[in-house]
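Okay, here's what each chain looks like letter by letter:
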Amino acid sequence: MNGIFERIRNAGIVPVVVIEDASAAADLSDALCEGGLPAAEVTFRTAAAAEAISIMKQRHPEMLIGAGTVLNGVQVDRAMQAGAEFIVSPGINPNTVRHCQQNEITVIPGTQTPSDMELAVELGLDTVKFFPAELSGGIAMIKACAEPFTGLSFMPSGGINASNAADYLAYDRIIAVGGSWMVKKDLISAGSFDTIRKLAGEAAQLVKDIRG
Ligand code: 3PG
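Draft legend 1. Structural view of unusual backbone geometry. Across the junction of Phe 131 and Pro 132, the peptide omega takes the value -10°, indicating a cis bond. As for its position among the elements, Pro 132 is in the loop between strand E7 (127-130) and helix H7 (138-146). For Thr 69, which is not glycine, the phi dihedral falls at a positive 50°. Judged by its relative accessible area of 13%, Thr 69 is buried. For Glu 104, which is not glycine, the phi dihedral falls at a positive 55°. You can see Glu 104 is positioned in the loop between helix H5 (94-102) and strand E5 (106-108).

What follows is the structure in structure tokens.
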């Protein structure tokens, strides 16, 4: 397992961040780190993503920071220049995957079906995102797919929250779950960093409770 995957597994839960204004990035990274969950997947759904990654990484070099919703090679390069350590995409685009592989960048593309997973294996990957997890059959679907794809590990996200994360974390073929429940857009824009710190702490505790 490469070092990034090991760090993702250690985090257990990766907060999926949608940040509209990069000026909130410093406080957000403080809240996650103080809560005991020093990790984030900052999504390229907003124009502030690259700047937010850069601010968070400079403030907390120990934080594990990936870029999410990355749809092409240009965004991969912007994310990496900003300080991202891994790339996540909602679907599996061979061009994006190959661009990452050629540049030795850890990439976790999204899969939803066995065909997506077969493509991932053909591209030489051993870890995929499973998205949108709850709408696509949840943990039962992951377990069913894990049977034939004996070498694949999964990072599910989409509809996972404090009440169902444990079901996913208990399965050893899941390296981590992604979710926005502790970093909801409205919490960030309202400056509710105390709440984010508390929810991050509860998420970190959940990982400890399930995985020890
Ligand atoms: C993702 O891109 O992984 C999802 O948007 C996160 O899903 P959630 O907001 O339902 O947690």
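Draft legend 2. Examining the sheet that holds E7 more closely. Here 3 strands make up an open sheet; going across it, the order is E6-E7-E8 and the pairing parallel. Edge positions in the open sheet fall to strand E6 (110-111) and strand E8 (153-156), since each of these has one partner strand only. Where E6 meets E7, 2 bridges bridge the pair, whose relative direction is parallel. Bridge pairing in E7 places Thr 111 opposite Phe 130.

Draft legend 3. Structural context of the site of the ligand. Near the ligand, the surroundings consist of Val 16, Arg 45, Lys 129, Phe 131, Ser 157, Gly 158, Gly 159, Gly 179 and Ser 180. Contacts to the ligand include Gly 159, whose backbone N or O atom sits 2.8 Å from an oxygen atom. The separation between an oxygen atom of the ligand and a polar side-chain atom of Ser 180 is 2.6 Å. For the ligand, whose free accessible area comes to 310 Å², the fraction covered by protein is 81%. When atoms are counted within 2 Å of each cavity's grid points, the one that captures over half of the ligand is the largest pocket. Considered class by class, the residues forming the shell around the ligand number 2 nonpolar, 5 polar and 2 charged.

Draft legend 4. Spotlight on the sheet that holds strand E1 (residues 13-17). Ordered in space as E5-E4-E3-E2-E1-E9, the 6 strands form an open sheet in which the pairing is parallel. Each of the sheet's edge strands pairs with one partner strand only, and the pair in question is E5 and strand E9 (177-179). Neighbour-to-neighbour, the strand axes of the sheet open up by a mean angle of 25°, direction not taken into account. Where strand E2 (residues 39-43) lies against strand E3 (residues 64-68), 5 bridges are found, and the strand directions are parallel.

Draft legend 5. Fine view of the pairing of E7. With burial as the criterion, each face of E7 is covered, one bearing Thr 127 and Lys 129 and the other bearing Val 128 and Phe 130. As for the winding sense of the linkage, the β-α-β connection from E6 through helix H6 (residues 114-122) to E7 is right-handed. With 4 bridges joining them, E7 and E8 adopt parallel strand pairing. Residue pairing across strands places Lys 129 opposite Met 155, the latter belonging to E8. For the crossover that starts at E7, traverses H7 and ends in the parallel E8, the hand is right-handed.

Draft legend 6. Local environment of the side chain of Thr 106. Its location among the elements puts Thr 106 in strand E5. With residues up to four places along the chain from it excluded, the contact list for Thr 106 reads Asn 2, Ile 4, Phe 5, Glu 85, Phe 86 and Ile 87.

Draft legend 7. Molecular detail of the layout of surface pockets. Counted as a void, the largest pocket has a volume near 300 Å³. Looking at the largest pocket, it is lined by 17 residues, and the ones nearest its centre are Val 16, Arg 45, Gly 179, Ser 180 and Lys 184. Residue classes in the lining of the largest pocket are distributed as 6 nonpolar, 6 polar and 5 charged. Lining of the second largest pocket is provided by 13 residues; of these, Asn 2, Phe 5, Gly 124, Leu 125 and Asp 126 occupy positions nearest its centre. When residues of the lining of the second largest pocket are traced back to their parent elements, those giving at least two are H5 and E5. Residues of the lining of the second largest pocket, tallied by class, amount to 6 nonpolar, 5 polar and 2 charged.

Here is what the cut-offs are and how they apply
Residues numbered from 1 in each chain as written. Predicted model: local features only at pLDDT ≥ 70, side-chain atom pairs only at ≥ 80, totals over all residues. Heavy atoms only, no water. Helix = DSSP H or I, 4+ residues; strand = E, 2+ residues; numbered from the N terminus. Buried < 20%, exposed > 50% of the residue type's maximum accessible area, 1.4 Å probe, protein only. Pairing = 2+ DSSP bridges. Near = heavy atom within 4 Å. Polar contact = N/O pair within 3.5 Å; in protein donor to acceptor, adjacent residues only side chain to side chain. Areas by Shrake-Rupley, 256 points an atom, 1.4 Å probe, with all protein chains shown as cover. 1 Å grid on protein atoms, 1.4 Å probe; cavity = no way out; pocket = protein on both sides within 12 Å on 5 of 7 lines; lining within 4 Å. Sits in = over half its atoms within 2 Å of the grid points. Nonpolar A, V, L, I, M, F, W, Y, C, P; charged D, E, K, R; others polar. Axes fitted to C-alpha atoms, helices over the stretch in contact; angles between N-to-C directions. Right-handed = clockwise from strand over helix to strand, strands pointing away. Contact = heavy atoms within 4.5 Å. Points joined across faces, edges and corners; volume = space filled by probe spheres on them.

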